[in-house]
Amino acid sequence: DSMDTVANWTISGVLYDPQATILTAVDTPRTMGNKALRLDYQFVRSNEGRSWVYLNTDQLVYGIPDTMMIDIKSNNLNHIADLIISDDNDELFQASTGLFSTNSNSYETYKIPLSKFNAIDPASTFNFPIRIRSLQIKLWYTTPIGGINNGTLYFDNLRIKYPTITSIRINQKLLPLRYNLYQNFPNPF
């Protein structure tokens, strides 16, 4: 997803201000395509827990990738994002980007190997194909409890990396000239 449009994305969350939290497609800054997604967020720091904003989507992933990547431009705060995927029977799995870079001057590429995804329900079994379901951002705060926190984050170029395929050379001299199928009694083949 080049993240040129908000059409594939919706917002929800926990302990955030839904009226002041807006997702838009903007011309700059970006890393791919014509636009990037800009998230303007706001929340009141609560003693009930941390604030989260969820960027929800439903995008099928073809094949068997080894890594998922996204470009994120932070605002000098240590936010964390969890990428949520589902498998063939809608069981959910999550993996984290780790702390966002505190460099707001440029995008950082966050790489999440498929091997890092863990089942949300421990009884789940991972099967292909998979779907990208959500990018869940755990928002960092700068105020005491009761204080208003706000900021802007940028997201661009959600992509998948597939394993490198190695070609195999066959030495023609090693191929058999003929083959035989013998009786399978007393041993199978």
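As the structure is a prediction and not an experimental result, all values here were calculated from the model. (Residues numbered from 1 in each chain as written. Predicted model: local features only at pLDDT ≥ 70, side-chain atom pairs only at ≥ 80, totals over all residues. Heavy atoms only, no water.)

A. Local environment of the pairing of strand E5 (residues 67-73). Burial analysis of E5 places seven of its seven residues in the buried class, which makes it a mostly covered element. Here E5 shows no split at all, with Thr67, Met69, Asp71 and Lys73 on one side and Met68, Ile70 and Ile72 on the other all buried. Taken together, the six bridges between E5 and strand E11 (residues 148-161) define a ladder with antiparallel strand orientation. Bridging from a neighbouring strand, Thr67 pairs with Lys161 of E11. (Buried < 20%, exposed > 50% of the residue type's maximum accessible area, 1.4 Å probe, protein only. Helix = DSSP H or I, 4+ residues; strand = E, 2+ residues; numbered from the N terminus. Pairing = 2+ DSSP bridges.)

B. Local environment of the sheet that holds strand E7 (residues 92-99). Spatial ordering of the open sheet is given by E1-E4-E10-E6-E7-E9, a layout of six strands whose pairing is antiparallel. Of all strands in the sheet, those with a lone pairing partner are strand E1 (10-14) and strand E9 (118-119), marking the two edges. As paired strands, E7 and E9 are joined by two bridges and run antiparallel to one another. Its bridge partner lying in E9, Gln94 is registered against Asn118.

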